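Inside the fold
If you want the building blocks of each chain, they are given just below.
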Amino acid sequence: MLYAIISEDVQDSLPKRKVARPDHIARLEKMQAQGRVIVGGPLPATDDDDPGDAGFTGSLVIAEFESLEEAEAWAKEDPYVKAGVYASSIVKPFKRVF
């Protein structure tokens, strides 16, 4: 089943994001190679693809997991969580219609 992982950044997260980004991306690329990632990316703090120093307010990943518990466990192990980038994350089942 698909699950949406919606994460909110802490204030001024950009420096922490930059440090943890390589590990965060490598982890997602592994899942993408398995055909499990539908969409993923950051939520810019401004109405621009490149928000510059404004940074990001969070992230969204929609991916396939065996269960809600597996998706939640995966989300808790995100390098951004370990680096203190995310203030919170929620995981919800997602039904793709379009």
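On a predicted model such as this, the values are computed, not experimentally measured, just so you know.

Rules of the game
Residues numbered from 1 in each chain as written. Predicted model: local features only at pLDDT ≥ 70, side-chain atom pairs only at ≥ 80, totals over all residues. Heavy atoms only, no water. Pairing = 2+ DSSP bridges. Helix = DSSP H or I, 4+ residues; strand = E, 2+ residues; numbered from the N terminus. Axes fitted to C-alpha atoms, helices over the stretch in contact; angles between N-to-C directions. Contact = heavy atoms within 4.5 Å. Buried < 20%, exposed > 50% of the residue type's maximum accessible area, 1.4 Å probe, protein only. Polar contact = N/O pair within 3.5 Å; in protein donor to acceptor, adjacent residues only side chain to side chain.

A word on the sheet that holds strand E2 (residues 37-44)
Reading across the sheet, the 4 strands line up as E2-E3-E1-E4 and stay open at both edges, with antiparallel pairing between neighbours. Strands at the two margins of the open sheet, each flanked by one partner only, are E2 and strand E4 (86-94). Mean inter-strand twist for the sheet, computed between neighbouring axes without regard to direction, equals 10 degrees. Across 7 bridges, strand E1 (residues 2-9) lies against strand E3 (residues 56-64) in antiparallel orientation. The residue bridging Tyr-3 from the neighbouring strand is Ala-63, located in E3. Along the sheet face, helix H1 (residues 14-33) touches E1, E2, E3 and E4 and points at about 10 degrees away from the line of E3.

With respect to the side chain of Ser-13
Relative to the elements of secondary structure, Ser-13 occurs in the loop between E1 and H1. Overall, the relative accessible area of 3% leaves Ser-13 in the buried class. A distance of 2.5 Å separates the side chain of Ser-13 from the side chain of Asp-9, its partner in a polar contact.

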